[in-house]
Amino acid sequence: VEAEFVFINDSQEEKKVLMGFPSGELEQKSGDAMESFFDYKLYDFKTLVEGTEVDVKLEKGIEPKEKLEHGFYDSDLSNFPLWYTWEVSFEPGEKKVVKNIYETKNTTNAMGMIQTGYVLTTGAPWKGKIENAKITFFIEDVKPYQFDRIEPICTTFEEGKITWEFEDFEPDSNISVIYNVREK
């Protein structure tokens, strides 16, 4: 996965910003069957700022105890007990491109259902609305009738490719795709 973001310091001051990207537990602890179906672990995570790799730390997340300012409850963040974090310095008015690169493992249950997705809701507390976002999944060798769920409704659906495009939005849901590999 490659996720590219453009951040702008819209103030008149230098800023040092702690940034983070959520991850699930590296090892399952509960043994819950549904927990194993929704695997949010990230592998081989790295961050590039303006094309240069920066040091990242894997840190334990803090679960909020009450409804947060942007309307999410602590359960919205509970799937992300770990965060990859790094610092980025900005000059006044400076724009920087941050790219996160990582691997995931699509999860499969005994009935052949595969779940994959992309977390958008962690962008909800960002300042203002997100100007635009384009998320594309390349899913090869899967026929349209094999899809069980695609949420939210995608912008375009072509064989082997699903795309969502959002403009001027505040994320209130995540992308989820579930399909059956046994029904060929």
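Above this note sits the structure.
Draft legend 1. Focus on the packing of aromatic side chains. For the structure shown, the criterion picks out 13 aromatic pairs. For the pair Phe 5 and Trp 126, a centre-to-centre distance of 5.9 Å together with 80 degrees between the ring planes defines the contact as edge-to-face. With Phe 5 in strand 1 (residues 2–8) and Trp 126 in the loop between strand 9 (113–118) and strand 10 (130–138), this pair connects stretches of sequence that are 121 residues apart. Since its relative accessible area comes to 17%, Phe 5 is described here as buried. Here Phe 7 and Trp 126 contribute two aromatic rings whose centre-to-centre distance is 5.5 Å and whose plane-to-plane angle is 70 degrees, an arrangement assigned as edge-to-face. Here Trp 126 lies in the loop between strand 9 and strand 10 and Phe 7 lies in strand 1, a separation of 119 residues in the sequence. For the cation-ring pair, Lys 96 lies above Phe 90, with the distance from its terminal atom to the ring centre recorded as 5.6 Å. The ring of Tyr 43 has Lys 105 lying over it, and the distance from NZ or CZ to the ring centre is 4.6 Å.

Cut-offs used in this document
- Residues numbered from 1 in each chain as written.
- Predicted model: local features only at pLDDT ≥ 70, side-chain atom pairs only at ≥ 80, totals over all residues.
- Heavy atoms only, no water.
- Phe/Tyr/Trp six-rings, centres within 6.5 Å; stacked < 30°, edge-to-face > 60°.
- Helix = DSSP H or I, 4+ residues; strand = E, 2+ residues; numbered from the N terminus.
- Buried < 20%, exposed > 50% of the residue type's maximum accessible area, 1.4 Å probe, protein only.
- Lys NZ or Arg CZ within 6 Å of the ring centre and 35° of its normal.

None of the figures reported here should be taken as evidence of function without further support.
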